[in-house]
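Okay, here's what each chain looks like letter by letter:
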Amino acid sequence: MQPLLVWPDPAPPDVARVLDLAGLPWRAVADEAAARDGVWSGAVVAADEDPERGFAMARTLRRGDLAVAPLLLVVRGTQLADLDGRHDTFDDFCLAPAHPTELEARVRHLLAAEPGLALEPDVVQYEALVLNLETYQAAIDGTPLDLTYMEYELLKFLASNPGRVFTREILLSRVWGYEYYGGARTVDVHIRRLRAKLGEEHAGLIQTVRSVGYKFGESRWGS
Amino acid sequence: MDHQQDYVLRTVEERRARLVRLWFTDVLGQLKSVAISPVELEAAFEEGVQFDGSAIDGFSRVQESDVLAFPDPNSFQLMPARDGEEVTARIFCDITRLDGAPFEGDPRQVLKRNLAAASEAGFQFMCAPEVEFFYLASDDPRDPQPLDSASYFDLTTYDETSDIRRRTIQRLEGSGIPVEYSFHEDAPSQHEIDLRYADALTMADDVMALRMIVREVAMASGVHATFMPKPFEGVQGSGMHTHLSLWSGDDNAFHDPDDAVGLSATARSFIAGLLVHAGELTAVTNQLVNSYKRLVSGFEAPVHISWARNNRSALVRVPVPKKGKEDQGTRLEYRALDPACNPYLAFSVLLAAGLAGIRHGYELPEETTVNLFESGVDAPADLGRRLPANLAEALDAMERSELVREALGEHIFEWFLRNKRAEWGAYRTHVSSFELNRYLRTW
């Protein structure tokens, strides 16, 4: 997937954090010249700090020769009136300070609506671990891991959400789904099996968080 | 097609597995395999693989001998490839009749049925076996030679078995069978591998895979590994002490923080169930003539039907869990099992006995406080009942047991008794070296 364009540069920390946690590639640009130096799957323009330049940037990005789409505009509640007459410069907007869940949902929604754009990455990578979602294959340091289906699904879920702590119940409901009646011990059994297969050197990727659950690696954003 | 099947098919394709081994187990606990080409696998999921079961122990029926093997995608595992070898995959199968009904002669189906009964009562059954075995210089039964018995100076051979065990553990872990501990056991050339707990079905599959892997890795070094319960007179035999626990969702049903020793009423009834039915189920947990040569005083094997906390001489031991881990670690250990059992059937009868205890609210007798290992043959009478002394006694007790009949199902129950009576009959008429040495000159 091509990166998302984020304005301004440096990117606002909350926007960067949301995109990182969602595993969406992005790059901050400062001006039109930098925007021309890339191929973009969409843009997030945070106009809340400097509305004048922000609106101008959005208009620039939507000009025929650049035509970056879709475009999400972040504005303050007090600027809503300024959106009047600018509807051709953005596809959606959200209010600053944006809740991370809302910001992520809006970005995903915009990207999903884009024809021909595969939002879901077909590879999940974390350090030496690579999961190919297309072929169901996992490898660490280039050596294939011989996983069972549930081990694969569990590892995929964890590796797609690095640094987040999940309870056994959440893992059961997200990875096993409702068809499984096994109980939370099942999660421990599978975690132990995954660690065995990751091998001594990498078993530490999956950490036990005492009396809570499990965590994979570290957040891309730092914790 | 469901996701699991799709996953298995894609993995076989991506990893270019050349062969898929369909594994299943006969009534005596021997691993059987039908190998198919990967292109047949999709059809196997849909329609099963038909084969004639009449040649397989416990499968034979008078009128219908054809059965179907349906691979269980959940148990799919690529076999870690060794240098220069082609990748193969293994997958455990459920055996059905041609009309799709579970086949009564399939031990895996028997365990599934017993686990379903537990699940209906609100319990998930977890097992963690400690598997003991010997490494021998060859598989020649006339001259079994331990590898590291010669003397303790013999570092080379000692290192060899340690190295074999290390490679075995790598293979196990690579196959997703986590090993908790492994070490050299008491007797010369005797080793132990303790597995991390898992649900009973997975664990029974794993015990089957473990016996296979232990043997294969040993064989690659020209060594024979045996799970025979008592290969040598005068030293410890090989057991398969198994830790058992019941879970209700996230909660350990055996743990009660308000109880003086942390044992729930459920745990107490479960233990009582094991003790009440221990005699009846021993033929299943200890199925060989040879098994009973291990169950004697003086070699750390249980003889009396008793329970105790942290007393290794009892049949059922309740280990004291690590401090702060009581809620997770409370479990009990059944110490009679030996590694030559059929794990599907053994776990089935243990579970059935424990559940009967819970269902009928059996009273748990007082725990044993004396060390039964030291009490010897002339143990005080109040120690209570003993485990069967030989296979014949065990079979008599089993034959009278409604519980074992129900747990195993009519088909396996009858077949097992018939087969084992024949084994005892053959043994009974055998003239042993013990008799020749003792009587030939004297009489």
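Treat the numbers as computed from the prediction; the structure is a model and nothing was measured.

Moving on: the interface of chain B and chain A. The partner chain A presents 27 residues to the 32 residues of chain B that form the contact. In total, chain B and chain A occlude about 2,600 Å² of area from one another, counting both sides; carbon and sulfur atoms represent 49% of this. One can count 3 salt bridges joining chain B with chain A. Put simply, B:R15 and A:D146 hold a salt bridge, and the shortest N to O gap is 2.5 Å. On the surface where chain B and chain A come into contact, there are 12 residue pairs in polar contact (both at pLDDT 80 or more). Listed by contribution, the elements that provide at least two residues to the side of chain B that touches chain A are helix 1 (3-14), strand 5 (77-79), strand 7 (124-136), helix 4 (155-174) and helix 5 (200-220) of chain B. With 7 residues, the top contributor of residues to the side of chain B that touches chain A is helix 1 of chain B. In terms of residue class, the side of chain B that touches chain A is made up of 11 nonpolar, 13 polar and 8 charged.

What follows deals with the nonpolar core. If you look at the biggest cluster of nonpolar residues, it comprises 102 residues, and the most contacted ones within it are B:F125 and B:Y334. The element best represented in this core is helix 5 of chain B, accounting for 12 residues. Taken together, domain 1 (3-100) and domain 2 (113-436) of chain B each give at least three residues to this core, which thus spans both. Setting aside chain neighbours within four positions, we find B:F125 in contact with B:L115, B:A198, B:D199, B:A200, B:L244, B:S245, B:L246, B:F270, B:F347 and B:L351. Judged by nonpolar contacts, the second largest core, of 56 residues, contains A:Y152, B:F24, B:V49 and B:F103.

Our focus in this paragraph is the environment of B:V207. All names here are of chain B. Within the secondary structure, V207 is located in helix 5. Owing to a relative accessible area of 1%, V207 belongs among the buried residues under this scheme. When the C-alpha atoms of V207 and G239 are compared, they prove to be 13 Å apart, with 32 residues separating the residues in sequence. Not counting residues within four places of it along the chain, the set of residues in contact with V207 comprises P129, M240 and P343.

The subject of this paragraph is helix 9 (residues 343-360) of chain B. All names here are of chain B. For helix 9, which comprises 18 residues, the first-to-last C-alpha distance of 26 Å matches the rise-based estimate of 26 Å (1.5 Å per residue) to within 8%. By the N-cap criterion, in which a side-chain oxygen at the helix start approaches the backbone nitrogen of a residue two or three places on, helix 9 is capped by N342, the distance to Y344 being 3.0 Å. Downstream of helix 9 by one or two residues, G361 has phi in the positive range, about 60°.

All names here are of chain A. The strand order across the open sheet built from 3 strands is 10-12-11, with neighbouring strands paired in antiparallel fashion. Each of the sheet's edge strands pairs with one partner strand only, and the pair in question is strand 10 (165-167) and strand 11 (206-209). Sheet twist, expressed as the average angle between the axes of neighbouring strands with direction ignored, equals 30°. Pairing between strand 11 and strand 12 (residues 213-216): 4 bridges, direction antiparallel. What sits directly across from V209, in strand 12, is G213. Across the sheet, helix 5 (residues 149-160) lies against strand 10, strand 11 and strand 12, angled at about 70° from strand 12, the strand it touches most. Each of strand 10 and strand 12 is contacted by helix 6 (residues 168-176), which is oriented at about 85° to strand 10, the strand it contacts most.

As a further point, take the pairing of strand 7 (residues 129-132) of chain A. Residue and element names in this part refer to chain A. Here strand 7 shows one buried face, formed by L129 and L131, and one open face, formed by V130 and N132. Bridge analysis of strand 6 (residues 123-126) against strand 7 gives 4 bridges, and the strand direction is antiparallel. Within the sheet, the bridge partner assigned to Q125 lies in strand 7 and is V130. Counting the residues that bridge the hairpin from strand 6 to strand 7 gives 2 residues, and of these E127 lies at a positive phi of roughly 45°. Direction of pairing for strand 7 relative to strand 8 (residues 137-140): antiparallel, over a ladder of 4 bridges. Looking at strand 8, one finds that V130 is bridged to A139.

Okay, the side chain of A:S41 next. Residue and element names in this part refer to chain A. As for its placement among the helices and strands, S41 is situated in the loop between helix 2 (32-36) and strand 3 (42-46). Accessibility expressed as a relative area gives 6% for S41, which makes it buried. Separated by 2.9 Å, the side chain of S41 and the backbone oxygen of Q2 make a polar contact.

What follows deals with the domain arrangement of chain B. Residues and elements named next belong to chain B. Each domain of chain B was delimited in the assignment, giving domain 1 (3-100) and domain 2 (113-436). Each partner contributes to the interface: domain 1 provides 18 residues, whereas domain 2 provides 19 residues. Run the count over domain 1 and domain 2 and you get 0 salt bridges. The interface formed by domain 1 and domain 2 contains 4 residue pairs in polar contact (both at pLDDT 80 or more).

Here the focus is the sheet that holds strand 2 (residues 26-28) of chain A. Adjacent strands of a sheet form backbone hydrogen bonds with each other and so pair up, either parallel or antiparallel. Residue and element names in this part refer to chain A. As summarised here, the arrangement of the 5 strands in space is 2-1-3-4-5, forming an open sheet in which the pairing is parallel. In this open sheet, the two strands that pair with only one neighbour each are strand 2 and strand 5 (92-96). Each strand of the sheet is rotated relative to its neighbour by a mean of 20°, with strand direction disregarded.

Split into domains, chain A comes out as domain 1 (4-113) and domain 2 (123-216). Between domain 1 of chain A and domain 2 of chain A, the C-alpha centre-to-centre distance is 34 Å.

As a further point, take the pattern of salt bridges. Residues and elements named next belong to chain B. Within this structure, the stated rule accounts for 39 salt bridges over all chains. A salt bridge links R108 to D94; the nearest nitrogen and oxygen atoms lie 3.0 Å apart. Placement of the pair is R108 in helix 3 (residues 107-120) and D94 in strand 6 (residues 88-96), with a sequence separation of 14 residues. Judged by its relative accessible area of 3%, R108 is buried. Note that E414 and R405 form a salt bridge whose closest N and O atoms lie 3.3 Å from each other. A residue is classified by how much of its surface remains accessible, and R405, at 21% relative accessible area, is partly exposed.

In this section: the packing of aromatic side chains. Per the stated rule, a full pass over the model turns up 16 aromatic pairs over all chains. Here A:Y152 and B:Y7 contribute two aromatic rings whose centre-to-centre distance is 5.2 Å and whose plane-to-plane angle is 35°, an arrangement assigned as tilted. In this pair, A:Y152 sits in helix 5 while B:Y7 sits in helix 1, so the two residues belong to two different chains. For B:Y7, a relative accessible area of 2% corresponds to the buried category. Aromatic rings pair up to connect A:Y136, A:Y149, A:Y152 and B:Y7 into one cluster. The ring centre of B:F299 lies 3.7 Å from the NZ or CZ of B:K230, which sits over that ring.

Cut-offs and rules
- Residues numbered from 1 in each chain as written.
- Chains lettered and ligands numbered in written order.
- Predicted model: local features only at pLDDT ≥ 70, side-chain atom pairs only at ≥ 80, totals over all residues.
- Heavy atoms only, no water.
- Contact = heavy atoms within 4.5 Å.
- Buried area = accessible area lost by both parts, 1.4 Å probe.
- Salt bridge = Lys/Arg side-chain N within 4 Å of Asp/Glu carboxyl O.
- Polar contact = N/O pair within 3.5 Å; in protein donor to acceptor, adjacent residues only side chain to side chain.
- Helix = DSSP H or I, 4+ residues; strand = E, 2+ residues; numbered from the N terminus.
- Nonpolar A, V, L, I, M, F, W, Y, C, P; charged D, E, K, R; others polar.
- Core = buried A, V, L, I, M, F, W, Y, C linked by side-chain atoms within 4.5 Å.
- Buried < 20%, exposed > 50% of the residue type's maximum accessible area, 1.4 Å probe, protein only.
- Domains from an automatic or database assignment.
- Expected span 1.5 Å × (residues − 1).
- Pairing = 2+ DSSP bridges.
- Axes fitted to C-alpha atoms, helices over the stretch in contact; angles between N-to-C directions.
- Phe/Tyr/Trp six-rings, centres within 6.5 Å; stacked < 30°, edge-to-face > 60°.
- Lys NZ or Arg CZ within 6 Å of the ring centre and 35° of its normal.

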